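Structural characterization, general
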Amino acid sequence: MKPLRQELRLALPATLAAATDIVAEVKQRQMVPPGPPHSFCIELLVREAVTNAVVHGCNGTESGTVLCVVRRQQGRLFIWVEDNGPGFDWRARGSRSSDPAIPGGRGIEIFEKFATRHRFNAKGNGVALLYRFEGE
Amino acid sequence: MKPLRQELRLALPATLAAATDIVAEVKQRQMVPPGPPHSFCIELLVREAVTNAVVHGCNGTESGTVLCVVRRQQGRLFIWVEDNGPGFDWRARGSRSSDPAIPGGRGIEIFEKFATRHRFNAKGNGVALLYRFEGE
Amino acid sequence: MEMNTIPDSAGAILCPSGDVVADSETELRRRLRELVASGVRKLTIDLSNVQMMDSAGLGLLIAAHNSLSKSGGELTVIHATHDLLELFRTMRMHQHFSISGE
Amino acid sequence: MEMNTIPDSAGAILCPSGDVVADSETELRRRLRELVASGVRKLTIDLSNVQMMDSAGLGLLIAAHNSLSKSGGELTVIHATHDLLELFRTMRMHQHFSISGE
Ligand SMILES: Nc1ncnc2c1ncn2[C@@H]1O[C@H](COP(=O)(O)OP(=O)(O)O)[C@@H](O)[C@H]1O
Ligand SMILES: Nc1ncnc2c1ncn2[C@@H]1O[C@H](COP(=O)(O)OP(=O)(O)O)[C@@H](O)[C@H]1O
């Protein structure tokens, strides 16, 4: 039976383990089509968004919290990740590929390449990712 | 990790197997606190609502469809079951216990006794059930 | 639904397994009808292997009780799980037949 | 993260297992640093037991490549899963070091 819609809303303390915990919950509740390539791509997107929220948004603050909403509906997965940090000026960043020689700076490039669409909120402390499956 | 909110929305053809299928989906997705007494009570409520939708609402019509929404949020489970049948006049029924000698007529009594609250929509083709867990 | 029937001096013991619910109870209903028709008077239903029962299942027990009573017989339910005992109690099934737990 | 290191005539083969992601990559990062410091020039990372890698993992591979290059060495990645090959291709990792699949 294919659900019309399935939604999971989670909040947790901003630690590096948050991404792994959220991915485990999403898989356990069968929100992601199993197997390649979707399962990997969706896990990757969730990890990048949550890790950015933890590392850049909350940056080790004790009160840091990450909110994550995952919704599956008619062949689309919608992911919302928000932190209670200061945000950032994503408009200034523009759309450019990472510097090949520098180890960091590949998270947002992964949004650009693996998500169907992505959009930050005005403040830059929340990102919406849309992922469309082919099959559904 | 305890989700803030989890929702599942399902639609399926009105057959007697629908109740069993929906219960399986809800359990598989870990929407119900495992073990006694909640798991049993919730399964019972879902079965009664879905079976009534199938038997009385759709009554063997080929185009019969049952919609079921299950939402878990802060210690409460909210269940909505709707069919595309004619509904019934639940106001006329009042609140009375079943006739002890008659085999049928115990579904709505189960709502009254096992749900925290239940409410039919105006037409009588949809019922909302609220179930509150003690522990959460 | 699988089901063992053990002939007993006083009647029969029926031991269904699986859920006794709207979409699976026809087999048990048929078997109960056969036993009553064959003249069994004292019927015991052993619920050791049943986890779930809904109002259709309750209706089936009441119907069996009604048929047996008519011919002076008796229904007994044994080995009900804690969840089922709670359901029977809440739905006042003890008014009809004797029920015991695991 | 578990990890086998096989000394090799030309250098070392490192075989991590588990996810190479932000919350688990420190152990692999430490091990790579040690190997480079100990003078290893040709380093092979065998990804047979790795299913998942995120941008932190990619960053770690690029950092290892950078360190090895500085001392005239070389990084090679082998036995990458199909998913990881696709990630490496999309993120243009082949520009840096040689990558092969399962
Ligand atoms: N949730 C966030 N809060 C604040 N800043 C963020 C957030 N997400 C991303 N950023 C900013 O965007 C930059 C680019 O992010 P990214 O492409 O993921 O690379 P990296 O995380 O490796 O720096 C970060 O360095 C950070 O300045
Ligand atoms: N979804 C529905 N559509 C139409 N009628 C309904 C629906 N649900 C319940 N009813 C009506 O309410 C009555 C009482 O239902 P219930 O208490 O579950 O007992 P039973 O299903 O055994 O008749 C039904 O006989 C039916 O007339």
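Here is a short report on the structure shown in this document. (Residues numbered from 1 in each chain as written. Chains lettered and ligands numbered in written order. Predicted model: local features only at pLDDT ≥ 70, side-chain atom pairs only at ≥ 80, totals over all residues. Heavy atoms only, no water.)

What follows covers the sheet that holds strand 2 (residues 65–73) of chain B. The ten strands lie next to each other as 4(A)-5(A)-3(A)-2(A)-1(A)-1(B)-2(B)-3(B)-5(B)-4(B), forming an open sheet whose pairing is antiparallel. Whereas interior strands pair on both sides, the edge strands pair on one side only; in this sheet they are strand 4 (117–120) of chain A together with strand 4 (117–120) of chain B. Neighbour-to-neighbour, the strand axes of this sheet turn through a mean angle of 10 degrees, independent of strand direction. Taken together, the five bridges between strand 1 (residues 5–13) of chain A and strand 1 (residues 5–13) of chain B define a ladder with antiparallel strand orientation. By the bridge assignment, Gln6 of chain A is partnered in strand 1 of chain B with Leu8 of chain B. Seen against the sheet, helix 1 (residues 17–28) of chain A touches strand 1 and strand 2 (65–73) of chain A and runs at an angle of roughly 155 degrees to strand 1 of chain A. (Pairing = 2+ DSSP bridges. Helix = DSSP H or I, 4+ residues; strand = E, 2+ residues; numbered from the N terminus. Axes fitted to C-alpha atoms, helices over the stretch in contact; angles between N-to-C directions. Contact = heavy atoms within 4.5 Å.)

Turning our attention to the site of ligand 1. Residue and element names in this part refer to chain A. The full set close to ligand 1 counts 13 residues, and Asn52, His56, Asp83, Gly105 and Ile108 are the nearest of them. Here Asn52 contributes a side-chain N or O atom positioned 2.7 Å from an oxygen atom of ligand 1. One nitrogen or oxygen atom from the side chain of His56 is found 2.6 Å from an oxygen atom belonging to ligand 1. For ligand 1, whose unbound accessible area comes to 530 Å², protein coverage reaches 76%. With four residues, the single largest contributor to the shell around ligand 1 is helix 2 (residues 38–58). Tallied by class, residues from the shell around ligand 1 come to three nonpolar, eight polar and two charged. (Near = heavy atom within 4 Å. Polar contact = N/O pair within 3.5 Å; in protein donor to acceptor, adjacent residues only side chain to side chain. Areas by Shrake-Rupley, 256 points an atom, 1.4 Å probe, with all protein chains shown as cover. Nonpolar A, V, L, I, M, F, W, Y, C, P; charged D, E, K, R; others polar.)

The interface is formed by 23 residues belonging to chain A together with 23 residues belonging to chain D. Buried area between chain A and chain D, summed over both chains or domains, comes out near 1,800 Å², and the portion from carbon and sulfur atoms is 63%. Per-residue buried area on chain A facing chain D is highest for Phe40, Pro103 and Arg106 of chain A; these three make up 32% of the total on that side. One can count two salt bridges joining chain A with chain D. Between Arg47 of chain A and Asp19 of chain D there is a salt bridge, with the nearest N and O atoms lying 3.4 Å from each other. (Buried area = accessible area lost by both parts, 1.4 Å probe. Salt bridge = Lys/Arg side-chain N within 4 Å of Asp/Glu carboxyl O.)

Turning our attention to the relation of the copies chain B and chain A. With an RMSD of 0.0 Å, the operation that places chain B on chain A is a rotation of 180 degrees combined with a shift of 0.0 Å along the axis. Overall, the copies show the geometry of a two-fold rotation axis. Residue by residue, 100% of the interface of chain B is reproduced at the interface of chain A, so both copies engage with the same surface. (Least-squares fit on C-alpha atoms with pLDDT ≥ 70 in both.)

All names here are of chain A. Tallied over the entire structure, the rule returns eight aromatic pairs over all chains. With centroids separated by 5.2 Å and ring planes inclined at 90 degrees, the aromatic side chains of Phe88 and Phe120 adopt a geometry described as edge-to-face. On the criterion of sequence distance, the pair formed by Phe88 in the loop between strand 3 (76–83) and helix 3 (90–93) and Phe120 in strand 4 is long-range, its members being 32 residues apart. Judged by relative accessible area, Phe88 falls into the partly exposed class, the value being 34%. (Phe/Tyr/Trp six-rings, centres within 6.5 Å; stacked < 30°, edge-to-face > 60°. Buried < 20%, exposed > 50% of the residue type's maximum accessible area, 1.4 Å probe, protein only.)

Here we take up the state of the cysteines. Linking two cysteines covalently via their sulfur atoms produces the bond known as a disulfide. All names here are of chain A. Summed over all chains, the structure comprises zero disulfides over all chains. With no disulfide of its own, Cys68 lies 13 Å from the sulfur of Cys58, the closest cysteine sulfur. Residue classification places Cys68 among the buried positions, given a relative accessible area of 0%. (Disulfide = S-S within 2.5 Å.)

When you tally the buried positions in helix 4 (residues 107–114) of chain B, you get six out of eight residues, the bulk of the element. Inspection of helix 4 of chain B places Gly107, Ile108, Glu109, Ile110, Phe111 and Phe114 of chain B among the buried residues, and these make up the whole buried set.

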